[in-house]
Amino acid sequence: MHVLVIGGAGYIGSHVVKNLLKNNFQVSVFDNLSTGKKINFFDKADYIIGDILNKEELDAAMARNVDAVILLAAKKAVGESMETPELYAQNNICGTVNVLNSMCKHNVKKLVFSSSAAVYGSPVYLPVDEKHPLNPISFYGFTKYDMEKYFEWYDQLKGIKFVSLRYFNAVGYDENGDVRGLEDNPQNLLPIVMEAANGTRSGLKIFGNDYDTRDGTCIRDYIHVSDLATAHTKALSYLNTSSESQILNLGTATGITVLEMIKKTEELTGKKISYEFAPRRAGDPAVITASAQKARDILGWKATHSDLNNIILSTWNVYKE
Ligand code: UFG
């Protein structure tokens, strides 16, 4: 099976590519290297440098006898999406529509998509399952919500079958050290904590310590990228044998606070991490954790790499250098 992995040189994408290659898929990666890195390239995959906003480049890639698409390319910072929504509309919405239309043109009928827990907004019950109401409170979350609606229509009208994977908080690095690309100017908590631990930055701000949680800081469900990667491979296998599209949460149902993440990182790395409390960040729910029972039932997937020690140590293994 030949898979076109769009955004396959990025942080999550390169872990997905590694897993696909391990499972003997033929992999072509399409990436504009805006955040993706050549250091994340694997010898056994083909790389096409191109942009989903450029329809000719996309069509040329899609014309290479592609059987399925994994679409990861997107802007992904919640805070930034509230300040610069136009970037998110362009990349996440227009870019994804271009991919769908190119799939139609080239008769590609299988899609695995990087969706997000951000589609739920502030949970009304926990852990959040896929039946939970969708009420995104960030523009980023809205773009993912909106695309899932498009997929439902393209399924009905054009027969594109999809698995939309709603990631909770992606963290960690390949345990064998096969993915080593660091994100430039990271916006997510753990890489920022790591940069504070290795001295790249002097410290970090904790956005809000007055939430109704056990220590006042936000609770998230952190899921190891290697677990996310496995789910993509399983989703492709699912699409080979089933004609029903699916929307699935990927998480652990375990919640960790911002302060707990910092303290555990200090303990495991032996480094002191400076932080100060700052005002809440727009678009942040206090708590969100996932029920991934449906992914277990449909794909036979569950997280096996996502304990906190492994998350932190696999990330530190890359950041300590
Ligand atoms: N945080 C800080 N300081 C920082 C960075 C983050 O206190 O410098 C806090 C945030 O306020 C939040 C928590 O750390 O409470 C996690 O923040 P991230 O930015 O790492 O992650 P988010 O929860 O905002 O978003 C991530 C992904 C989204 C996904 C979401 C689902 O980036 O794609 O998890 O929970 F939708």
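Since the model is a prediction, treat every value here as computed from it, not as a measurement. (Residues numbered from 1 in each chain as written. Predicted model: local features only at pLDDT ≥ 70, side-chain atom pairs only at ≥ 80, totals over all residues. Heavy atoms only, no water.)

This brings us to the domain arrangement of the protein. How big an interface is tends to be expressed through the accessible area that disappears when the partners come together. Domain annotation for the protein reports domain 1 (2-171 + 222-250) and domain 2 (189-220 + 254-290 + 299-319). Distance between the C-alpha centres of domain 1 and domain 2: 25 Å. The interface is formed by 29 residues belonging to domain 1 together with 26 residues belonging to domain 2. Together domain 1 and domain 2 conceal approximately 2200 Å² of surface at their shared face, both sides included; 71% is due to carbon and sulfur atoms. A per-residue breakdown of the area domain 1 buries against domain 2 is headed by Tyr 222, His 224 and Asp 227, which together make up 32% of the total. Summed over the shared surface of domain 1 and domain 2, the result is 7 residue pairs in polar contact (both at pLDDT 80 or more). Residue assignment for the side of domain 1 that touches domain 2 shows that the elements contributing at least two residues are helix 3 (78-83), strand 7 (169-171), strand 10 (222-224), helix 7 (225-241) and strand 11 (246-250). (Domains from an automatic or database assignment. Contact = heavy atoms within 4.5 Å. Buried area = accessible area lost by both parts, 1.4 Å probe. Polar contact = N/O pair within 3.5 Å; in protein donor to acceptor, adjacent residues only side chain to side chain. Helix = DSSP H or I, 4+ residues; strand = E, 2+ residues; numbered from the N terminus.)

A separate point is the nonpolar core. Core analysis: the biggest nonpolar cluster contains 69 residues, and Val 5, Leu 20, Val 27 and Ile 70 have the highest contact counts within it. Split by domain, this core shows at least three residues from each of two domains, domain 1 (2-171 + 222-250) and domain 2 (189-220 + 254-290 + 299-319). If sequence neighbours within four positions are ignored, Ile 70 has contacts with Val 3, Leu 4, Val 5, Ile 6, Val 16, Leu 20, Val 112, His 232 and Leu 236. Leu 4, Leu 58, Val 97 and Phe 162 belong to the second-largest nonpolar core, a separate cluster that totals 25 residues. (Core = buried A, V, L, I, M, F, W, Y, C linked by side-chain atoms within 4.5 Å. Buried < 20%, exposed > 50% of the residue type's maximum accessible area, 1.4 Å probe, protein only.)

The next subject is the pairing of strand 11. With respect to burial, strand 11 is a largely interior element, 5 of its 5 residues being buried. Residues of strand 11 alternate between two faces, with Gln 246, Leu 248 and Leu 250 on one and Ile 247 and Asn 249 on the opposite face, all of them buried. Across 5 bridges, strand 6 (residues 161-167) lies against strand 11 in parallel orientation. Counterpart to Arg 166 in the pairing with strand 11 is Asn 249. (Pairing = 2+ DSSP bridges.)

As a further point, take the state of the cysteines. Where two cysteines share a covalent bond between their sulfur atoms, that bond is called a disulfide. Under the criterion given, the structure shown has 0 disulfides. Between Cys 94, a cysteine without a disulfide, and Cys 104, which holds the nearest cysteine sulfur, the sulfur-to-sulfur distance is 16 Å. Residue Cys 94 is classed as partly exposed on the basis of its relative accessible area, which comes to 35%. (Disulfide = S-S within 2.5 Å.)

The next thing to look at is the side chain of His 224. One can find His 224 in strand 10. Classification of His 224 by relative accessible area gives buried; the value is 0%. A distance of 3.2 Å separates the side chain of His 224 from the side chain of Ser 314, its partner in a polar contact. When neighbours within four sequence positions are excluded, His 224 is seen to be in contact with Val 171, Gly 172, Tyr 173, Asp 174, Glu 175, His 305, Ser 306, Asn 310, Ile 311 and Ser 314.

This brings us to the site of the ligand. In the neighbourhood of the ligand, 21 residues make up the surrounding shell, with Ser 116, Asn 169, Arg 220, Arg 281 and Asp 284 lying closest. Asn 169 has a polar side-chain atom sitting 2.7 Å from an oxygen atom of the ligand. One of the side-chain N or O atoms of Asp 284 is found 2.6 Å from an oxygen atom in the ligand. For the ligand, whose free accessible area comes to 680 Å², the fraction covered by protein is 93%. Those elements giving two or more residues to the shell around the ligand turn out to be helix 6 (189-198) and strand 8 (204-207). With 3 residues, strand 8 is the largest single contributor of residues to the shell around the ligand. Partitioning the shell around the ligand into residue classes produces 12 nonpolar, 4 polar and 5 charged. (Near = heavy atom within 4 Å. Areas by Shrake-Rupley, 256 points an atom, 1.4 Å probe, with all protein chains shown as cover. Nonpolar A, V, L, I, M, F, W, Y, C, P; charged D, E, K, R; others polar.)

In space, the 7 strands of this open sheet follow the order 3-2-1-4-5-6-11, with parallel pairing throughout. Here the strands that pair on one side only, and so sit at the sheet edges, are strand 3 (46-49) and strand 11. Taking each pair of neighbouring strands and ignoring which way they run, the sheet shows an average axis angle of 20°. As judged from the 3 bridges shared by strand 4 (residues 68-71) and strand 5 (residues 110-116), these two strands associate in the parallel manner. Its bridge partner lying in strand 5, Ile 70 is registered against Val 112. The strands that helix 7 touches are strand 1 (2-6), strand 4, strand 5, strand 6 and strand 11; relative to strand 6, the one it contacts most, it runs at about 160°. (Axes fitted to C-alpha atoms, helices over the stretch in contact; angles between N-to-C directions.)

Turning our attention to the packing of helix 8 (residues 258-269) against helix 10 (residues 308-319). Running from amino to carboxyl end, helix 8 crosses helix 10 at an angle of 65°, the nearest separation of the two axes being 10 Å. For helix 8 against helix 10, the interelement crossing comes out right-handed. Facing Met 261, Lys 264, Thr 265, Leu 268 and Thr 269 of helix 8, the residues of helix 10 in contact are Leu 308, Asn 309, Ile 312, Leu 313 and Trp 316. Residues of the contact of helix 8 with helix 10, tallied by class, amount to 6 nonpolar, 3 polar and 1 charged. (Left-handed = near helix turned anticlockwise from the far one by under 90°.)

Time to look at unusual backbone geometry. Residue Pro 127 is reached from Leu 126 by a cis peptide bond, and omega for that bond is -15°. Here Pro 127 is to be found in the loop between strand 5 and helix 5 (139-158). Despite not being glycine, Asn 24 shows a phi value in the positive range, around 65°. With respect to the element layout, Asn 24 can be found in the loop between helix 1 (11-22) and strand 2 (26-31). When its relative accessible area of 68% is taken as the criterion, Asn 24 is described as exposed. Positive phi, normally seen in glycine, also occurs at Asn 185, with a value near 45°. Relative to the helices and strands, Asn 185 is located in the loop between strand 7 and helix 6.

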